[in-house]
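Okay, here's what each chain looks like letter by letter:
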Amino acid sequence: MPILGIESTCDETGAAIVEGTAVRSNVVASQVDLHARYRGVVPEIASRAHIENILPVIQEALDTARITLADIDAVAVANRPGLIGSLLIGTTAAKTLAWALRKPLVGVDHVAAHLYSVCLDNSPPVPLPAIGLVCSGGHTALYHVRDFLDIQLLGSTIDDAVGEAYDKVAGILGLGYPGGPILDRLAHQGDSRAVAFPRSLLGRDSLDFSFSGLKTSVLYHVRGFAGRQREARVLGESEINDIAASFQAACVDVMVEKLRRAARRCGAHSVIIGGGVSANRGLRSAMENFSLPVFFPPMQYCTDNAAMTAGLGQVLLAAGRVGELDLDAIPQSQFLDGSN
Ligand code: KG4
Ligand code: ZN
């Protein structure tokens, strides 16, 4: 039976119909154009756009899958973590539908859904336990994934998420938004050894991340050191490519090293990498020779989408983890303190 998934945690309004791991439809209304001029997501603008988009997006997901609301088995919604105003729109829509249709309601943690995204589209089964890395605009964290119902936090960023660093560095370089895909493309035309940006590893055993120092290094490289800052130099094309390549190499080195540490510590059988930055070509090629099998999502499920919400919703439904109509929108992840 098909399950309807709803995603509205940040700036994408998504709805999807998933059956097993087969995605029958996956509709995403992107708000990138609304936020681009601010070089980041403006929460109030995001909430308003979700209100406008949510019903047409759900209808399009049903139409594309050639079903009606009566055909769905359950409603799954990413009710955490995210921007509270954004979360409220999807959560309210899901609760209303579940109540009106008298179908089960399933609350899904968006971070766990990013991990689950590697299972979609009949991808090969992931040997568990796995080390999970969620790297996106809002999150950069490592998890021990015993299975998709048993996930423990191992470490997370103490400042910026890696995708956020990409977006800010793109801003420093005068490039567009979101910065990740642009820098990824430019990095392939540049020399990754051109600038020795720092790799912040936070001590020998740490599984936490820090990207704000790296971001500041790029700023200083472009504008001069703190206190002696000058106006942004006009950078030539090849210099921008070299900075992009060197910045990307620093981000990738840190993520790969943290994955190595986590894999050594947990005795995992595989690695799962999800979230917007999992689309990164530099990261994908750096993981090619990793000591464990590595699973990335199909490209269309790297950034925020509702297919991963519906997919994990189905796993939760099968395990009897059904929500009530008082399901809350919650800004924090369920896996924040690692104690679940
Ligand atoms: O997963 P996502 O859609 O939203 C969050 O949950 O945060 O991730 C969006 C982030 C943005 O910061 C964007 O710049 C980054 O993912 N991103 C990339 C790439 N594609 C998207 N970063 C690096 N390389 C990419 N190819
Ligand atoms: Zn996300």
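That block above? That's the structure.
Residues numbered from 1 in each chain as written. Chains lettered and ligands numbered in written order. Predicted model: local features only at pLDDT ≥ 70, side-chain atom pairs only at ≥ 80, totals over all residues. Heavy atoms only, no water.

K.L.:
Help me understand the sheet that holds strand E9 (residues 270-274), please; the structure alone is not making it clear to me.
P.N.:
The strands making up a sheet associate through hydrogen bonds between their backbones, and the pairing can be parallel or antiparallel. As summarised here, the arrangement of the five strands in space is E8-E7-E6-E9-E10, forming an open sheet in which the pairing is mixed. Looking at which strands have only one partner, the edges of the open sheet turn out to be strand E8 (150-156) and strand E10 (294-295). Where E9 meets E10, two bridges bridge the pair, whose relative direction is parallel. Paired with Ile272 across the strands is Phe295, a residue of E10. (Pairing = 2+ DSSP bridges. Helix = DSSP H or I, 4+ residues; strand = E, 2+ residues; numbered from the N terminus.)

K.L.:
Can you help me understand the nonpolar core in this one?
P.N.:
Here is a general trend for soluble globular proteins: nonpolar side chains tend to be buried in one another's company. Core analysis: the biggest nonpolar cluster contains 49 residues, and Phe247 and Met255 have the highest contact counts within it. Those elements giving two or more residues to this core turn out to be strand E6 (130-135), helix H5 (162-172), helix H6 (179-187), helix H7 (212-223), helix H8 (237-266) and E9. In terms of residue count, the dominant contributor to this core is H8 (15 residues). Contacts of Phe247, omitting those with residues within four sequence positions, involve Ala165, Tyr166, Val169, Leu183, Phe197, Leu214 and Val218. (Core = buried A, V, L, I, M, F, W, Y, C linked by side-chain atoms within 4.5 Å. Buried < 20%, exposed > 50% of the residue type's maximum accessible area, 1.4 Å probe, protein only. Contact = heavy atoms within 4.5 Å.)

K.L.:
Help me understand the layout of surface pockets, please; the structure alone is not making it clear to me.
P.N.:
To find leftover empty space, one rolls a probe the size of a water molecule over the atoms. As a volume, the largest pocket reaches approximately 1,200 Å³. Around the largest pocket, the lining comprises 47 residues; the ones closest to its centre are Cys10, Ser136, Gly137, Gly138 and His139. Contributions of two or more residues to the lining of the largest pocket are made by helix H4 (110-116), strand E7 (140-147), E8, H5 and H6. With five residues, H5 is the largest single contributor of residues to the lining of the largest pocket. A per-class count over the lining of the largest pocket returns 20 nonpolar, 19 polar and eight charged. When we break the lining of the largest pocket down by domain, the ones giving at least three residues each are domain 1 (3-117 + 301-318) and domain 2 (127-297). Approximately 230 Å³ is the volume attributed to the second largest pocket. Gly107, Asp109, Leu316, Arg321 and Gln334 are, among the 17 residues lining the second largest pocket, the residues nearest its centre. The set of elements that each furnish at least two residues to the lining of the second largest pocket consists of strand E4 (74-80), strand E5 (105-109) and helix H10 (307-318). A per-element tally of the lining of the second largest pocket places E5 first, with three residues. When grouped by side-chain class, the residues that make up the lining of the second largest pocket number nine nonpolar, five polar and three charged. (1 Å grid on protein atoms, 1.4 Å probe; cavity = no way out; pocket = protein on both sides within 12 Å on 5 of 7 lines; lining within 4 Å. Points joined across faces, edges and corners; volume = space filled by probe spheres on them. Nonpolar A, V, L, I, M, F, W, Y, C, P; charged D, E, K, R; others polar. Domains from an automatic or database assignment.)

K.L.:
Could you clarify how one ought to interpret the packing of H5 against H6 in this entry?
P.N.:
How two helices sit against one another is set out by the angle between their axes and by the gap between those axes. Packing of H5 against H6 leaves a shortest axis separation of 8 Å and a crossing angle of 70 degrees. If you check the angle between H5 and H6, you find them roughly perpendicular. Across from Tyr166, Asp167, Val169 and Ala170 in H5, the residues of H6 making contact are Gly179, Gly180 and Leu183. Of the residues that constitute the contact of H5 with H6, the class distribution is four nonpolar, two polar and one charged. (Axes fitted to C-alpha atoms, helices over the stretch in contact; angles between N-to-C directions. Parallel < 35°, antiparallel > 145°, perpendicular 65-115°, else oblique.)

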